[in-house]
Amino acid sequence: MPSAAPTGDLASQVLQALDKSSPLLSAEAFPAAGFTELKAALDRLASRDMVKYEQLERDEAVLEPEGEQIAANGSHEARVFEALRQAVEGLTVQELEKAIGDKNVVKIGQGKAFKEKWIAKTKDGKFQATADAIKDTTQEQMRTIQKTRAYPDAKVLNDLRKRKLVRIQKIYTFKVQKGDKFALEIPEEATDLTFDMIATGAWKTATFKPYNFKALGADQRPGALHPLNKVRAELRQIFFEMGFEEMPTDKCVESGFWNFDTLFVPQQHPARDLQDTFYISDPKLADPPRAEDENDKKDYKKYWENVKAVHQNGKYGSIGYRYPWSGDETLKLVLRTHTTAVSAAMLYKLAHKKGPDGRPPPARYFSIDRVFRNESVDATHLAEFHQVEGVIADYNLTLGGLMEFMEIFFGKMGLTDLKFKPAYNPYTEPSMEIFAYHKGLKKLVEIGNSGMFRPEMLESMGFPPDMRVYGWGLSLERPTMIKYGISNIRELLGHKVDLNFVQSSAAVRLDKA
Ligand code: PHE
């Protein structure tokens, strides 16, 4: 067999070397190979049973720089002797230093040479050699160590180590031998069982790559729910368990009619100003109300006239606002300023449903979605945010019932001991702001707005007078910011949001403080 130097990668070099002699010591066969590379190659082969190996550890003696120097030029004392041997007349210290060219060598060397009796002092104070030849044991020791990386006499070795001529280092080596499946070639390993392998029968002889159950796998950056979505998911759960139905809030553009007029918001109300509401520029206007909608068979024209009557002259016991109501104003398209626009449309539909007794059945609706207001943006305001809203329609509801319900609803969010404060909404009477004591902030915080929808709003939709509707709303951002300890809303929504925050924020349990 031609004894060419092993070629190929380290693993196949190991196989070739083992083919010639097994077992082998890696430190001898591959003195230049790095420990990690060698171990990786051996592991690769061992996992296929092609080799077996064990790791050995041994001490090795290595020369320090001074030891190297002695191996090359001789010990200090031998150099002093050699210089004097050549000068038959003897040398003064200065001459000796000049001849050797190293004061330190002279200083240490002459002392030792005296002790060895290789040199003596003449009467006129010069140094002189006393022999023709000496044996430089130290140099011999250095050369032995240089060659064999060891020294037979442990006591001497330890002595040399103390004299800082030699140091001991740990050497790791692998004792490698052929394994059961030894071969010169590393067989190709299949990672998958393929259709072809089954069809051709190649699977019978194929070598399959073993599973590595210890592999950590690639670091994943999976998608993550935004904190608002997490809190939203919990709130939806609360609504569902209380028997609520989710309202369709999937269109953000509403007519002024549904966003304001149906809710008894007069057309001069500041909320309808350009400064507060985003108006759509193209198209500017909604279609006029239909006398009968071909889809839901409702006479929107009739309802529209009813709303006009309530605003302009008063109806259903209300004296109205007494101003000339403009049909055009109602057609203006806006980005909805509250989800109550959707509640109004849902209530209008409910008013036309017939329960078993021929009257509108009780209903519970909720929504959680985005609303838009023309606000200047600061730490607590954005031009868009999310509203959580609920409505409950039933017969003979009372204000006490609304307060009781709020206690139960907010109680499920971990908010107790509510306080109610009279407030004003154009569409509810009475209206109440809701406060709860915040344990973290140690103060009462406003958590929502609520009320009983006005009779003139409900009756103009077609509800019987004894049907009453509770409504309440809160922002999704408020509880989310409190739960996640955020003080600036721009950290939660918009282009300044830190994606790592989204990724790492925990799921919350609203009922846990
Ligand atoms: N729409 C009100 C708001 O924007 C919330 C609300 C809804 C109040 C329904 C009463 C009834 O704050």
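None of the values given here were measured: they were computed from a predicted structure.

Reading the values: rules and limits
Position labels on residues start from 1 in each chain and follow its written sequence. Given that this is a predicted model, residues contribute local features only at a pLDDT of at least 70 and side-chain atom pairs are listed and counted only at 80 or more, while totals for whole chains, interfaces and linings are drawn from all residues. Side-chain calculation: all heavy atoms of the structure are included, whereas hydrogens and water are not. UniProt positions are given in the numbering used here, feature names are shortened, and annotations may be inferred rather than shown by experiment. Strands are runs of DSSP state E lasting at least two residues, helices are runs of H or I lasting at least four, and both sets are numbered from the N terminus onward. Whether two residues touch is decided by their heavy atoms; if any such pair falls within 4.5 Å, the residues are in contact. In this scheme Phe, Tyr and Trp rings, the latter by its six-membered ring, pair at centre separations within 6.5 Å, and the angle between planes marks the pair as stacked below 30 degrees, edge-to-face above 60, and tilted otherwise. Note on criteria: charge over ring means Lys NZ or Arg CZ within 6 Å of the ring centre, with the direction from the centre no more than 35 degrees off the ring normal. We call a residue near a molecule or strand whenever a single non-hydrogen atom of that residue lies within 4 Å of it. Each polar contact in these results corresponds to two N or O atoms within 3.5 Å; when the atoms are within protein, one needs to be able to donate a hydrogen and the other to accept it, and residues that are neighboring in sequence are counted only if both atoms are side-chain atoms. The method behind every accessible area is Shrake-Rupley, applied with a 1.4 Å probe, and residues are considered shielded solely by the protein chains displayed. By the convention adopted, Pro, Cys, Tyr, Trp, Phe, Met, Ile, Leu, Val and Ala count as nonpolar, Lys, Arg, Asp and Glu as charged, and the other residues, Gly among them, as polar. Start and end positions for the domains come from either an automated domain assignment or a database one. Helix span, expected: 1.5 Å multiplied by one less than the number of residues in the helix. Nonpolar core, defined: a set of buried Ala, Val, Leu, Ile, Met, Phe, Trp, Tyr and Cys residues in which side-chain atoms within 4.5 Å join the residues together. Whether a residue is buried, partly exposed or exposed follows from its accessible area with a 1.4 Å probe, protein chains only, as a fraction of its type maximum: under 20%, in between, or over 50%, in that order. Basic side-chain nitrogens of Lys or Arg form a salt bridge, by our definition, when they fall within 4 Å of a carboxyl oxygen of Asp or Glu. Convention adopted: a line fitted to C-alpha atoms gives each axis, helices being fitted over their contacting stretch, and angles between N-to-C directions are expressed from 0 to 180 degrees. By the definition adopted for this analysis, an angle is roughly parallel if under 35 degrees, roughly antiparallel if over 145, roughly perpendicular if from 65 to 115, and oblique otherwise. Take the far helix as your reference; a near helix turned counterclockwise from it by less than a right angle gives a left-handed crossing, and one turned clockwise gives a right-handed crossing. A pair of strands is considered paired only if DSSP assigns at least 2 bridges between the two. For every residue, the pLDDT score states the predictor's confidence, bounded by 0 at the bottom and 100 at the top.

1. Notes on the UniProt feature "domain: Aminoacyl-transfer RNA synthetases class-II family profile" (unreviewed entry) in the protein
Per the UniProt record, "domain: Aminoacyl-transfer RNA synthetases class-II family profile" (unreviewed entry) is annotated on residues 229–482. Secondary structure content for residues 229–482 is 29% helix and 27% strand, and the end C-alpha separation is 15 Å.

2. Topic: the side chain of serine 343
Structurally, serine 343 is set in helix H15 (residues 340–351). In contact with serine 343, not counting residues within four places along its chain, are Met247, Glu389 and Val391.

3. Observations regarding the packing of aromatic side chains
A full pass over the atoms with the stated rule returns 29 aromatic pairs. Taken together, the aromatic side chains of Phe239, Phe240, Phe244, Phe366, Phe405, Phe409, Phe410 and Trp472 make up a single cluster linked through ring pairs. Taking NZ or CZ as reference, lysine 178 lies 4.9 Å from the ring centre of phenylalanine 182, over its face. For the cation-ring pair, lysine 332 lies above tyrosine 279, with the distance from its terminal atom to the ring centre recorded as 5.7 Å.

4. Considering the site of the ligand
Around the ligand there are 14 residues in total, and Thr340, Arg373, Gln387, Tyr427 and Gly471 lie nearest to it. The contact in question runs from an oxygen atom of the ligand to an N or O atom on the side chain of arginine 373, over 3.2 Å. Contact with the protein chains removes 90% of the 320 Å² of surface that the ligand exposes when unbound. Listed by contribution, the elements that provide at least two residues to the shell around the ligand are strand E12 (384–395), strand E15 (443–453) and strand E16 (467–475). For the shell around the ligand, the per-class residue count stands at three nonpolar, nine polar and two charged.

5. Some words on the domain arrangement of the protein
Taken domain by domain, the protein holds domain 1 (10–64 + 145–186), domain 2 (76–135) and domain 3 (229–251 + 338–504). Spacing between the C-alpha centres of domain 1 and domain 2 amounts to 44 Å.

6. Concerning helix H8 (residues 137–148)
One turn of the α-helix equals 3.6 residues, which is why residues spaced by three or four share an orientation. Counted at 1.5 Å a residue, the expected span for H8 with its 12 residues is 16 Å, and the 16 Å between its end C-alpha atoms agrees. On its buried side, H8 packs onto strand E2 (51–63), helix H4 (65–73), helix H5 (76–86), helix H9 (154–162) and strand E5 (166–178). Looking one or two residues past H8, arginine 149 carries a phi angle of roughly 60 degrees, positive in sign.

7. Digging into the nonpolar core
Ranked by internal contacts, the top residues of the largest apolar core, which has 39 residues, are Leu235, Phe409, Phe410, Met413 and Trp472. Put simply, the parts of the chain that give this core at least two residues each are helix H11 (227–241), strand E11 (363–372), E12, helix H16 (399–411), strand E14 (428–438), E15, E16 and helix H18 (477–484). In terms of nonpolar packing, the next biggest core, distinct from the first, is built from 33 residues, Tyr303, Val334, Ala363 and Tyr365 among them.

8. Focus on the pattern of salt bridges
On inspection of all chains with the given rule, the structure shows 25 salt bridges. The salt bridge partner of lysine 39 is aspartate 43, with a shortest N-O separation of 3.3 Å. Here the residue lysine 39 and the residue aspartate 43 both occupy positions in helix H3 (residues 35–46), the gap between them amounting to four residues, near one helical turn. Judged by relative accessible area, lysine 39 falls into the partly exposed class, the value being 27%. Of the residues examined, aspartate 43 reaches a relative accessible area of 34% and is grouped as partly exposed. A single salt-bridge network, built from bridges that share partners, covers Glu57, Asp59 and Lys170.

9. Looking at the packing of helix H6 (residues 93–100) against helix H7 (residues 103–115)
Taken N-terminus to C-terminus, the directions of H6 and H7 make an angle of 120 degrees; their axes are 8 Å apart at the nearest point. Taken as axis vectors, H6 and H7 run oblique relative to one another. The interaxial crossing formed by H6 with H7 has right-handed handedness. In contact with Leu96, Glu97 and Ile100 of H6, H7 contributes Lys103, Val105 and Val106. Of the residues contributing to the contact of H6 with H7, the split by class is four nonpolar, no polar and two charged.

10. What to know about helix H1 (residues 10–20)
Restricting attention to buried positions, one finds in H1 the residues Ala11, Ser12, Val14, Leu15, Ala17 and Leu18. Tucked inside the fold, the buried residues of H1 contact strand E1 (24–25), H3, E2 and E5.

11. Some words on the sheet that holds E5
Backbone-to-backbone hydrogen bonds join strands into a sheet, with any given pair of strands oriented parallel or antiparallel. Spatially, three strands are ordered E1-E5-E2 in an open sheet, and the strand pairing comes out antiparallel. At either margin of the open sheet sits one strand with a lone partner, and together these are E1 and E2. In terms of strand pairing, E2 meets E5 through 13 bridges, oriented antiparallel. Paired with tyrosine 53 across the strands is valine 176, a residue of E5. Where H1 meets the sheet, it contacts E1, E2 and E5, and its direction lies at approximately 80 degrees from that of E5.

12. A short note on the confidence of the model for the protein
Within the protein, residue pLDDT values average 91, and 98% of them lie at 70 or more. Mean pLDDT across the elements of the protein bottoms out in strand E7 (residues 207–208) (84) and peaks in strand E8 (residues 245–246) (98). In this model, residues 1–6 is a region of pLDDT below 50 whose contacts with residues beyond four sequence positions or in other chains number four contacts.

13. What to know about the pairing of E14
Alignment of strand E13 (residues 419–425) against E14, held across six bridges, turns out to be antiparallel. Looking across to E14, one finds that proline 422 is bridged to methionine 432. Of the pairings in the sheet, the one linking E14 to E15 comprises nine bridges and is antiparallel in character. Bridge pairing links alanine 436 to valine 445 in E15. Here E14 folds back onto E15, and the loop between the two strands holds four residues, one of which, lysine 442, carries a positive phi near 55 degrees.

14. Here we look at the sheet that holds E16
Spatially, the seven strands line up as an open sheet ordered E8-E11-E12-E16-E15-E14-E13, and their pairing is mixed. Strands at the two margins of the open sheet, each flanked by one partner only, are E8 and E13. Here four bridges tie E15 to E16, and the two strands are oriented antiparallel to one another. Residue pairing in the sheet places asparagine 449 in a bridge with glycine 473 of E16. Packing against the sheet, H11 makes contact with E8, E11, E12 and E16, and its axis sits at approximately 165 degrees to E11.

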